Amino acid sequence: MILLFLTLAIIVPYVLILEAAGIDQFDNLVEQMQKDNK
């Protein structure tokens, strides 16, 4: 449970930074990951 909270505490600010930097980059990253997983 503690690990879950630590993970969220790390990921949430990172996502906010990505949004501030630009959603386009994040969308491209997601699409690339989806292609790699196929």
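Residues numbered from 1 in each chain as written. Predicted model: local features only at pLDDT ≥ 70, side-chain atom pairs only at ≥ 80, totals over all residues. Heavy atoms only, no water.

Participant: Help me out: how do you make sense of the overall build of the chain in this one?
Facilitator: From N to C terminus, the chain includes two helices and zero strands. Among the 38 residues that make up the chain, the fraction classed as buried is 5%. Accessible surface computed for the chain: about 3700 Å², of which carbon and sulfur atoms make up 68%. (Helix = DSSP H or I, 4+ residues; strand = E, 2+ residues; numbered from the N terminus. Buried < 20%, exposed > 50% of the residue type's maximum accessible area, 1.4 Å probe, protein only. Areas by Shrake-Rupley, 256 points an atom, 1.4 Å probe, with all protein chains shown as cover.)

Participant: What should I look at first to understand helix α1 (residues 2-21) in this one?
Facilitator: Along an α-helix, residues three or four apart share an orientation, since each turn contains 3.6 residues. Taking 1.5 Å of rise per residue, the 20 residues of α1 would be expected to cover 28 Å, and the 29 Å separating its terminal C-alpha atoms lies within 8% of that figure. In terms of burial, α1 is a largely surface element, one of the 20 residues being buried. (Expected span 1.5 Å × (residues − 1).)

Participant: Mind showing me how you'd approach a nonpolar patch on the surface here?
Facilitator: Together, M1, L4, F5, L8, V12 and L16 make up a nonpolar patch on the protein surface, roughly 640 Å² of accessible area in all. Residue placement: M1 occurs in the segment before α1. (Patch = residues over 30% accessible without salt bridge, like charges linked within 9 Å, V, L, I, M, F, W, Y side chains within 5 Å. Salt bridge = Lys/Arg side-chain N within 4 Å of Asp/Glu carboxyl O.)

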